[in-house]
Amino acid sequence: MTNYLIRRSFQMLMVLFFSALVTYTLLALAPGGPWEEILGRQGSETMRIDAEDIARIRAQYELDLDQTWRFTRWLFGWPNGPIRIGEQELLADFQVGCFLPLETTNALGETVIIGCQKPVTLKDLEGRRVSRGVIFGDFGLSWGILRDRPVMDVLWSRIPRTLQLMFTVTVLSLMIGIPLGLVSAIRQYSLFDYTVTTLSFLGSSMPTFFFGIILILIFAITFKQWGWFYLPPGDAVGSRDYVVPMLGKVEAKSLLDQVLRMIMPVSVLVFFSVAGWSRFIRSSMLEVLRQDYVRTARAKGLRENVVILKHAFRNALIPFVTIVVFAIPGMFSGAIVTETIFNWPGMGRLFIDALSRNDYPVSMSIFLIGAALTVIATLIGDILYTIVDPRIRLS
Amino acid sequence: MTASATPAPKKVVEILQPEAMPKEESQFTIIRRRFFRHRLATFSLGLLLVIFIAAVFARQLASYGPTEIELSNRFALPGSVSAESGRTNWLGTDHLGRDYFSRILYAARISLTVAFSVVILSTVIGSLFGAISGYYGGLVDDLLMRFVEFMLTIPELPLLLIISSILLQSPQAIPIPKALIDLVAALLYLGPREALQVIMVTLVLTAFGWLGVSRLMRGMVLSIKNMEYVEAARALGVSDFGIIMRHLIPNAFAPIIVQASLALAGFVITESVLSFLAFGIQDPTPTWGNMLAFTQSYMFEHPWLPLIPGLPIFICAMAFNFVGDGLRDALDPRLKH
């Protein structure tokens, strides 16, 4: 077991390192960035900017450093100055980048970099702003959503809303999905079973965004036009009071307002998770019901309820543990599409907003944290599996 | 082996196949019969055929061009006749006065081409890698499967979105042969820039699509490769390549085909999600996803709008799923749940 844990943790770290590398490479490839906006704005004003100014702006975003050092600074905040041993500074003149590249125009009229006018050395890095490093939870500064504020601040402003949504969804869909799967397994091929399997088939093949839009169409638009009880179409809290027939006046930011606004996004997500989970429980339950010990329990003359709940259901839940653990990373990264449709101010929509405004540090951090949580969840799921099912030995 | 040593073949056939025996059916006939027994799958297949034909003859069926704008005729009701040009807008027009019916047809061409290209590419790549990995085992298998596992651990949609948003803005990142761009442009009636977008989206989706196929194929190959007929082929001196191509891949193909038809549904949806979120194929090139995205801003005044591009996505996704279900029943009755 210890051996297994060590090996798995090592694998986990490797996966995380590679995710970070992939993330960083994409970040480096990413077009645009805050400097372009600054350059565009200043170029059009009375201000004239020369090569030195551009270099300073580039330096502000570390674009003057070599990729390798940018990566290590981004990952764990090193190097941040010359190596010090006692009083002595080592490698102070070691070049880590180029502050002002030497540019020239080639025969094709393209600008090419042929050398470096003013290199950046380790000594120059001293006193520069550096993030503590991604692995210590410092994701640098945002480029667009909240410019020059730490990415973590941006994330923290959205995390509660996503957790609120996803927690409700997970609890509700477990409460609905497990009994549905259970009953449709016990009454296999009954009308109930057919209804559940058809609905879950629908749930797994229907696109989320279409379902969400249909809900808005029915419950927010059509019902409102007909003067019936309707639901607000988006956002997490209202900014103005509104009147809903049969319910009266709903104050903005009141609990009722928030509950009304949660109904549609929650229903969309619950529908889709229930589809998956009830199907899983059903097949796992059918598997268990065929086992010898269930027949033995019946043969002993136990009541059917006891057989199903105590002998079959408990065992059917075992593989379910791993699936439920996977809901954790989902809770963090939210539901990108659903949050976008219902304008829910959570992580999913933040991700899309950040992407469309070229705020790559924010979108990459969301991605990286999501990946890290997924990897950790996989490990936890595997370990839990051995705890609840002693038949499985990890090796 | 002289001619006298072999008995007259005609007699043997007569003895083995008396008149009373049922007529021999080919494998294909059996599969076809089993498939058509699945009524929803048959219906879906018919529906898809209609959509395909409409997509193939988009230019002949559509009365408007895919990006033709009639600003005087915005938000026309379905079935109304344009006062300007006298043509009928069967499904109405959008916020720029573009005819929905024509755009839906052209979009079908694009969306279905993307979905089919992705599925074909990822099935070919995935089967090949999976078969090699399963057949040779050892280091190749280890490396390939670690890589696939790694990719499958990473949340897919966010990474897809990041990559396509980057590629959209710097399309020169991946060099694409000009001939391919021209081919796609001609096939989909697009300009070279839009064709490049379509190719990018296809490539990005394929990059993730082959992973699952390769895992499935590897599993199948592992269970097949020790069977007697493979051993017999090896004893006869068939090369590894021959065994993989002639014996392993064809025999593992049933689940792959089923998976491919289910994947078609998945990619129709994924492509439209990308376009819907504005990280796929961009307006004015029509796709069901980006058309749906635009309707969302106008749905409060014109509530029927989202249904027009939304229903084709829904219908296609459902139909591909049902066909996949029918194929599963037909190809491998043991797989039936």
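Just so you know, these numbers come straight off a predicted model, no measurement behind them.

The rules behind these values
- Residue positions are counted from 1 within each chain, in the order its sequence is given.
- For naming, the first written chain is A and the first written ligand is 1, with later ones following in the order written.
- Per-residue local features of the predicted model are confined to residues with pLDDT of at least 70, and side-chain atom pairs are confined, for both listing and counting, to 80 or more; whole-chain, interface and lining totals are unaffected and use all residues.
- Only DSSP runs of H or I covering at least 4 residues are called helices, and only runs of E covering at least 2 are called strands; the numbering of each starts at the N terminus.
- Each residue is classed by its C-beta neighbour count within 10 Å, where at least 20 other C-beta atoms makes it buried, 12 or fewer makes it exposed, and intermediate counts make it partly exposed; the C-beta atoms are placed from backbone geometry.
- Contacts are defined on C-beta atoms placed from the backbone: any two residues whose C-beta positions lie within 7 Å are in contact.
- Here the globule rule reads 2.2 Å times residues to the power 0.38, and the radius of gyration is calculated from C-alpha atoms.
- Put simply, Ala, Val, Leu, Ile, Met, Phe, Trp, Tyr, Cys and Pro go in the nonpolar bin, Asp, Glu, Lys and Arg in the charged bin, and everything else, Gly too, in the polar bin.
- Among buried residues, those of type Ala, Val, Leu, Ile, Met, Phe, Trp, Tyr and Cys that are joined through C-beta atoms within 7 Å form a set called a nonpolar core.
- Pairs of strands are assigned from DSSP output, requiring at least two bridges between the strands.

A. A look at the overall build of chain B. Broken down by element type, chain B carries 14 helices and 2 strands. Each principal axis of the C-alpha distribution contributes one length, and for chain B these read about 90 × 55 × 40 Å. Across the 337 residues in chain B, those meeting the buried criterion constitute 42%. Summarising the internal contacts of chain B: among those between residues at least 6 apart in sequence, 68% fall at separations of at least 24.

B. Quick look at the overall build of chain A. Per the secondary structure count, chain A includes 16 helices and 6 strands. The C-alpha atoms of chain A give a radius of gyration of 28 Å, which is well past the 21 Å a tight globule of 395 residues would have. For chain A, the residues scored as buried account for 32% of the 395 residues in total. A separation threshold of at least 6 residues defines the contact pool for chain A, and within that pool the share at least 24 residues apart is 65%.

C. Inspection of the interface of chain A and chain B at higher detail. Contacts between the two partners involve 35 residues from chain A and, on the opposite side, 36 residues from chain B. Of all elements in the fold, only α1 (2–29), α8 (208–225), α13 (327–333), α14 (336–341), α15 (347–356) and α16 (360–388) of chain A reach the threshold of two or more residues within the side of chain A that touches chain B. Take the side of chain A that touches chain B: its biggest share by element is 8 residues, from α16 of chain A. Tallied by class, residues from the side of chain A that touches chain B come to 23 nonpolar, 12 polar and no charged.

D. Region of interest: the nonpolar core. In this structure, V198, L264, V268 and A317 of chain B are the most contacted members of the largest nonpolar core, which totals 150 residues. The contact partners of A317 of chain B, leaving out residues within four places of it in the chain, are S205, M206 and P207 of chain A together with A265, V268 and I269 of chain B. Residues L65, V96, L122 and L125 of chain A belong to the second largest nonpolar core, which totals 6 residues.

E. Inspection of α15 of chain A at higher detail. The buried count for α15 of chain A comes to 8 of 10 residues, which makes it a mostly enclosed element. Of the residues making up α15 of chain A, those classed as buried are M347, G348, R349, L350, F351, I352, A354 and L355 of chain A. Close packing links the buried residues of α15 of chain A with α6 (151–186), α13, α14 and α16 of chain A together with α7 (156–169) of chain B. Downstream of α15 of chain A by a residue or two, N358 of chain A has a phi angle that is positive, lying close to 55°.

F. Here's a closer look at the environment of Q258 of chain A. Residue and element names in this part refer to chain A. With respect to the helices and strands, the residue Q258 is situated in helix α9 (residues 255–289). Put simply, Q258 and Y194 are 64 residues apart on the chain and 35 Å apart in space, counted from C-alpha to C-alpha. Every residue in contact with Q258, bar those within four places of it in the chain, is listed here: A236 and V237.

G. Inspection of unusual backbone geometry at higher detail. Omega for the bond connecting D283 of chain B with P284 of chain B falls within 30 degrees of zero, at 10°, which places this linkage in the cis form. Along the chain, P284 of chain B falls in the loop between α12 (253–276) and α13 (288–298). Residues other than glycine seldom take positive phi values, yet Y189 of chain A does so here, at roughly 65°. Here the phi dihedral of A278 of chain B falls at roughly 70°; this positive angle occurs in a residue that is not glycine. Within the element layout of this structure, A278 of chain B appears in the loop between α12 and α13. With 19 C-beta atoms packed within 10 Å, A278 of chain B lands in the partly exposed category.

H. Up close: the pairing of strand β3 (residues 95–105) of chain A. Residue and element names in this part refer to chain A. Relative to strand β4 (residues 111–121), β3 runs antiparallel, the two sharing 9 bridges. Bridge pairing links L102 to G115 in β4. The turn joining β3 and β4, which pair antiparallel and follow one another in sequence, is formed by 5 residues; a positive phi near 85° is taken by G109.

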